[in-house]
Amino acid sequence: MSVLLQAERVSKHFPGARFGNPGTVALDPMSLAIDSARPAITAVVGESGSGKTTLARVLLGLVAPTGGRVLYRGEDLTTLDGEARQSFRRDVQAVFQDPYEVYNPFYRVDHVLTTPVRKFRLARSKAAERDLIATALRSVGLRPEEILGRYPHQLSGGQRQRIMVARAVLIRPKLIVADEPVSMVDASLRATILGSLARLNQEMGISIIYITHDLATAYQVSHNLLVMYRAAVVEAGDAERIVQAPQHPYTQLLISAIPQADTNRVWLDTNREAAGAADPAGCRFAPRCPRADAACAAAPPLLRVAPDRAVACFRAPDGTVLRELGEVLAGHDGVSQEG
Amino acid sequence: MNRLRTAPPVNVNPQRLFPRPGLRMMAATRRENNVTHPQTPRAEVLRVQGLRVAFDHPLGLVRAVDDVAFALRAGERLGLAGESGSGKSTMALAILRMIKPPGRIDGGRVFFDGQDITDLGIEEMRRLRLAGIAMVPQGSMNSLNPVLRIGAQIADALRDHDVPPAEHAARIAELLPQVGLKPEVAHSYPHELSGGMKQRACIAIAICLKPKVIIADEPTSALDVVVQRQVMQTLAEVQRTLGAAVILVGHDMGLMAQFVDRLGVMYAGRLVELAPIADIITRPRHPYTQALISSLPSLERRAPMLGIPGLAPLLRDLPPGCAFHPRCAACFDRCRTEKPAVRQVAAEAWVACHLAETPP
């Protein structure tokens, strides 16, 4: 077992700016281990404000957790020394949401590709560098001659986002954290970008954490799903099983709300949802939950209800308390990990 | 940027400067593209005929909307789908005559309630907007004024259309619950509201004068699915109460399938298919429509996700023949040279594809 990145009960709380403002809990304590020997695509799904981006930023070391810690090969991210930090920066790569914001408009797009090559000394000569970059661009379906030498504004959003994926390929990381990589590109291009991420996982054995609000694309490309609601994971496990038989009422709501190309399906819900304030001590979904009762005044623990499934709901079957999310997540060979 | 400023005056005829076969072809086929729709039992509330929008560009004429024709019936929900740059939003703006220079409407007519509104004066058109045809803009975050309370913004619209100020408060108190907001929201600033609430506030503004047509331009593109469904539910409810027709502009074929009655698919400024939604979803006739539908990720089963190969064409440099031919799997010789005309292929279906001419 070679744990690349391990989150141990990490949590994040953003304090309020004024007296009396309790601040925002962005992430409840959660544990997740990412094993580089068993690379998988794990999608983190949830609505805006559910804490999925905070989770990504904590894993990337961009935000220091308020509680718990993130270990990179056994060392705390916040205290990595120079060499280990360099290696972390190489092994864990990010693809961000906005393909417009990540580029410096004054540099040609080549800049984002040559910088890592030089920084990590990936090529010995200019010619080798060019080859390396060209190969990386081709692997995401771009033609180098159409891309190199251009400025960001000369390329489409889809092309720019694919260059970011190509950049990740170039570095050959062990893990890519992709935060909403396709939410700003056209539906027709989504498939191409997600396809290149899936290929990286299959062909290069790169683990991928795919953060998204779109459960349908998450289901299409990922092996595992983590469904988040208001800072906590409410359901985790095998993507196929969760989508075909969701057990948490929030997952069920999420799936029913996805519009599908089926004109016979009744999609618009006629009863308007009552949205009250959630009791901080209880289940956060209770005010919106059709099945909530007195028991829901307490916070439901995340229970492992099947070898590859964990649910945080009192209405779910009984199970054992899950210590770490990786226990119910499968590697891409499809074998679930021992607890 | 500099080049734009020092560009020659825009009255230079770009066709003379850039004689390209594509443009001449457009001119040649224009007449036959003006499809007339049959009279239907439900009254027509809006009819668009041969609508054309052009943008003057130093490198040539950009034809953003090319010969679009359709009719909207009272109480109907019509979808307009297409990729970014297909001209769907531009067309929505053109109906309202809100195209700004360097863009201009350079052809076609728009009828509202049987009246030709194409040559309406500026003041008359201003009155018609909101009162007759209202728009729910894309990205409500940017269309609300951040320094005005919601109530004041609705009052602005009412005042502009001569509703006596004494009635404003009562109208606002009546409007907000209609879109699922509490009346207190009138006192909130936009930043105090969630994305879904802001979009509802925009719907409230759009319906404040009980329009007959609501044009919703990607009203839910920035919202997550659960909120999206609530907002669409609200839109459906107010539409039913007002008996208004809705034009939903968007790119999500799933949303179209669940919401609209008829769907028009736009590609490179042209309406390439128009048919009842069930018909389009089960039997798309245009290869582009087929590609749009199959690029939608399914929740039923996992399958390799299919994108649409290639990129949307540059509007100022369209390929000759059918604009979709370089990306089309079913392309044959005729597609490369001859632009397909919009043809009626069934009682309710129009399509612009050479393949659809000979029924299989």
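Quick notes on the rules
Residues numbered from 1 in each chain as written. Chains lettered and ligands numbered in written order. Predicted model: local features only at pLDDT ≥ 70, side-chain atom pairs only at ≥ 80, totals over all residues. Helix = DSSP H or I, 4+ residues; strand = E, 2+ residues; numbered from the N terminus. Rg over C-alpha atoms; globule rule 2.2 N^0.38 Å. Buried ≥ 20, exposed ≤ 12 C-beta atoms within 10 Å, placed from the backbone. Contact = placed C-beta atoms within 7 Å. Core = buried A, V, L, I, M, F, W, Y, C linked by C-beta atoms within 7 Å. Axes fitted to C-alpha atoms, helices over the stretch in contact; angles between N-to-C directions. Parallel < 35°, antiparallel > 145°, perpendicular 65-115°, else oblique. Left-handed = near helix turned anticlockwise from the far one by under 90°. Pairing = 2+ DSSP bridges. pLDDT = per-residue confidence, 0-100.

(A) Molecular detail of the overall build of chain A. Scanning chain A from N- to C-terminus turns up 10 helices and 13 strands. Relative to the 2.2 N^0.38 estimate, which gives 20 Å for 339 residues, the radius of gyration of chain A is 21 Å and therefore close to what a compact globule would have. Based on the C-alpha atoms only, the size of chain A along its principal axes is roughly 70 × 50 × 50 Å. Counting every position in chain A, which comprises 339 residues, the buried fraction comes to 47%. Considering only residue pairs separated by 6 or more positions, chain A has 64% of its internal contacts joining residues 24 or more positions apart.

(B) Structural detail: the interface of chain A and chain B. With 33 residues of chain A in contact, the opposing surface of chain B contributes 33 residues. Mapped by element, the contributors of at least two residues to the side of chain A that touches chain B are α7 (187–204), α8 (215–221) and α10 (249–257) of chain A. Broken down by element, the side of chain A that touches chain B gets its largest block of residues, 7 residues, from α7(A).

(C) Representation of the nonpolar core in the model. Core analysis: the biggest nonpolar cluster contains 105 residues, and B:Ala204, B:Val213 and B:Ile247 have the highest contact counts within it. It is strand β2 (residues 60–73) of chain B that contributes the most residues to this core, 8 residues altogether. A:Leu175, A:Leu197, A:Ile206 and A:Ala239 belong to the second largest nonpolar core, which has 99 residues in total.

(D) Seen up close, the packing of helix α4 (residues 126–139) of chain A against helix α6 (residues 157–171) of chain A. All names here are of chain A. In contact at an axis separation of 8 Å, α4 and α6 are set at 125° when each is read in the N-to-C sense. On the basis of the axis angle, α4 is oblique to α6. Of the two possible hands of crossing, α4 and α6 adopt the one that is right-handed. Across the interface between the two elements, Leu132, Ile133, Ala136, Leu137 and Ser139 of α4 pack against Ala166, Val169 and Leu170 of α6.

(E) Representation of the pairing of strand β10 (residues 270–276) of chain B. Residue and element names in this part refer to chain B. Counted residue by residue, β10 has 6 buried out of 7 residues, so it is predominantly covered. Joining the antiparallel neighbours strand β9 (residues 262–267) and β10 is a turn of 2 residues, in which Ala268 adopts a positive phi near 50°. When β10 meets strand β12 (residues 349–351), the two strands line up antiparallel, connected through 2 bridges. Across the sheet, Leu274 pairs through a bridge with Trp350, a residue of β12.

(F) Looking closely at the confidence of the model for chain B. Residues and elements named next belong to chain B. This prediction gives chain B a mean pLDDT of 83; 87% of its residues lie at or above 70. In the model, residues 1–40 has pLDDT below 50 throughout and makes 33 contacts with residues more than four positions away in sequence or in other chains. Scoring of the predicted complex yields 0.82 for pTM and 0.79 for ipTM.

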